[in-house]
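Listed below are the residues making up each chain.
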Amino acid sequence: MRSSLLIAAIALGVSAVVAEAQLVESRIPAGRTRAELEESVARADSAHREGEASRIRLRLRNGDFEVGDRVVVTLEGTTAQKTDTLTVQADRVLRLDQPLGDLNLKGMLRTELPDSVQVRASRFLKNVVVHVVPLLRISISGAVRAPGFYYVRADLPLSDVIMRNGGPDQSSDLGSTVVRRDTQLLWAADEVRIALRDGVTLDALNLEPGDEIVVGKHGGEAWTRVLQFGLPVLSAVLIQLVLRR
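Conventions adopted
- Residues numbered from 1 in each chain as written.
- Predicted model: local features only at pLDDT ≥ 70, side-chain atom pairs only at ≥ 80, totals over all residues.
- Heavy atoms only, no water.
- pLDDT = per-residue confidence, 0-100.
- Contact = heavy atoms within 4.5 Å.
- Helix = DSSP H or I, 4+ residues; strand = E, 2+ residues; numbered from the N terminus.
- Buried < 20%, exposed > 50% of the residue type's maximum accessible area, 1.4 Å probe, protein only.
- Polar contact = N/O pair within 3.5 Å; in protein donor to acceptor, adjacent residues only side chain to side chain.
- Expected span 1.5 Å × (residues − 1).
- Arc of directions from axis to C-beta.
- Salt bridge = Lys/Arg side-chain N within 4 Å of Asp/Glu carboxyl O.

**Details of the confidence of the model for the protein chain**
- In the predicted model, the protein chain carries a mean pLDDT of 81, and the fraction of residues at 70 or more is 76%.
- Per-residue pLDDT stays below 50 along residues 5-26; that stretch engages in 16 contacts with residues further than four places along the chain or on separate chains.
- Overall, residues 221-227 carries pLDDT values under 50, and its contacts beyond four positions in sequence, including any with other chains, amount to 11 contacts.

Below, the structure is given as structure tokens:
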């Protein structure tokens, strides 16, 4: 009887852990387009995650670009291929070369910018192909070799961004990495572990200019590690002790 109760209790604990992991995975948006983000809002609403739904709605309304952001624009098909790194100006305006003029980025997502520039270029230039790479300004800090601000492609996986830029040092523990927005914890360590495992991009994580990736140190989450890995081991030992009686 006692063994049955103990096994049932442990099973309930394992079920709770699995349910929590599934909840964490459901918080990671499915994609980067407007339609995909709208689906993410609907899922957040149905799960009563008001804060998450509000953040995504704000992104859909205001767009992805802030003053000071950078965009790499390459024009092919003109007399010579030309590549420029442009900076978003006041009022979220991107000043393209003449005769293309200024492009208003208010309310525009990163995934929408390439088509917008292509349409603008096609009005003035024949047989032109446009390549647009928006860059996201993020901070990488914590246990890294070179902390600081970096301009990175938003379609890169979070793991690639950390490895290619700040670079983990000898004390780093990627498993305890978090993402912050000002003083707010945007993505907790368990969520970041899933993002690293699954190759989730900065876009899919809804990162904005100025967000901070804080790489953890070994021992920084000691008690979390004990509970995460020690509890299953302890449960297995208790089961063996009860069954031997």
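**Side note on unusual backbone geometry**
- Backbone torsion omega between glutamine 98 and proline 99 reads 10 degrees, so that peptide bond is classified as cis.
- Along the chain, proline 99 turns up in the loop between strand S3 (93-95) and strand S4 (102-104).
- For histidine 48, which is not a glycine, the phi torsion comes out positive at approximately 60 degrees.
- Relative to the helices and strands, histidine 48 is located in the loop between helix H2 (34-46) and helix H3 (50-62).
- Its identity is not glycine, yet aspartate 182 carries a phi of approximately 60 degrees, on the positive side.
- As for its position among the elements, aspartate 182 is in the loop between strand S7 (172-181) and strand S8 (184-187).
- Aspartate 182 gets classed as exposed once you look at its relative accessible area, which sits at 71%.

**Brief notes about the side chain of glutamate 52**
- By the secondary structure assignment, glutamate 52 is in helix H3.
- For glutamate 52, a relative accessible area of 8% gives the class buried.
- Here arginine 49 takes part through its side chain, which lies 2.5 Å from a polar atom of the side chain of glutamate 52.

**Overview of H2**
- Taking 1.5 Å per residue as the helical rise, H2 with its 13 residues ought to reach 18 Å, and the 19 Å between its terminal C-alpha atoms agrees with that figure.
- Those residues of H2 that sit buried are Leu37, Ser40, Val41 and Ala44. The arc enclosing the buried residues of H2, seen along the axis, measures out at 105 degrees, which places them on a common side.
- Buried positions along H2 lie against H3.
- Remark: histidine 48 follows H2 within two positions and exhibits a positive phi of approximately 60 degrees.

**Some points on the pattern of salt bridges**
- Per the stated rule, a full pass over the model turns up 15 salt bridges.
- Ionic pairing is found between arginine 59 and aspartate 203, a salt bridge with its closest N-O pair at 2.8 Å. In this pair, arginine 59 sits in helix H3 while aspartate 203 sits in the loop between helix H6 (189-198) and strand S9 (212-217), placing the two residues 144 residues apart along the sequence. With respect to class, arginine 59 is no different from aspartate 203; both count as buried.
- Three or more residues are tied together by salt bridges with common partners; here these are Arg59, Asp64, Arg110 and Asp203.

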